[in-house]
Amino acid sequence: MSALLVTKTLGLFFITAIAEIVGCYLPYLWLKKDGSAWLLIPAAISLALFAWLLTLHPAESGRVYAAYGGVYVVTALLWLKAVEGVSLSTYDVVGAAFTLTGMAIIAAGWNH
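UniProt's Subcellular location (unreviewed entry) comment on the protein chain is quoted here verbatim: "Cell membrane". You can read under Sequence similarities (unreviewed entry) in the UniProt record for the protein chain the words "Belongs to the UPF0060 family."

Draft legend 1. Representation of the UniProt feature "transmembrane region" (unreviewed entry) in the protein chain in the model. With numbering aligned to this structure, UniProt lists the feature "transmembrane region" (unreviewed entry) at residues 12-31, 37-57, 64-82 and 88-110. Helix makes up 100% of residues 12-31 and strand 0%, with an end-to-end C-alpha separation of 29 Å. Helix makes up 83% of residues 88-110 and strand 0%, whereas the separation of the span's terminal C-alpha atoms amounts to 31 Å.

Draft legend 2. Expanded view of the confidence of the model for the protein chain. Residues of the protein chain with pLDDT of at least 70 account for 98%, and the chain-wide mean is 91. Here helix α3 (residues 61-82) is the element of the protein chain with the lowest mean pLDDT, 91, and helix α2 (residues 40-54) is the one with the highest, 96.

Cut-off values and rules
- For every chain, the first residue of the written sequence is number 1, and numbering continues from 1 onward in sequence order.
- Local features in this predicted model are restricted to residues of pLDDT 70 or higher, and side-chain atom pairs are both shown and tallied only at a pLDDT of 80 or more, whereas totals for entire chains, interfaces and linings draw on every residue.
- Working from all heavy atoms in the structure, the side-chain values ignore hydrogens and water.
- UniProt positions are given in the numbering used here, feature names are shortened, and annotations may be inferred rather than shown by experiment.
- Runs of H or I in DSSP of at least four residues are treated as helices and runs of E of at least two as strands, each being numbered from the N terminus.
- Think of pLDDT as the predictor's per-residue confidence, scored from 0 to 100.

What follows is the structure in structure tokens.
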């Protein structure tokens, strides 16, 4: 896999993860934080965007989902820190590193 393809794939995975997290976070705000039910409309749009973005990846869907999981974990932890203001633990960082390693191994085999 070329460096350009790796960069594009990681960027697309990151955008995909943001769409999924937003799509799930907005209903959470409605259900747990007394947010407006109107939050469900952008949540649904975000989840539809998430599903569409998954179709843009350059491999079979099962491999895409498996590799995407690694980037999702890292993105969710970054969201936890940036949006929810929660400090990351050493366990979070080490776990994210292992997850990204697994993602890289899966993605490396896409062309084989």
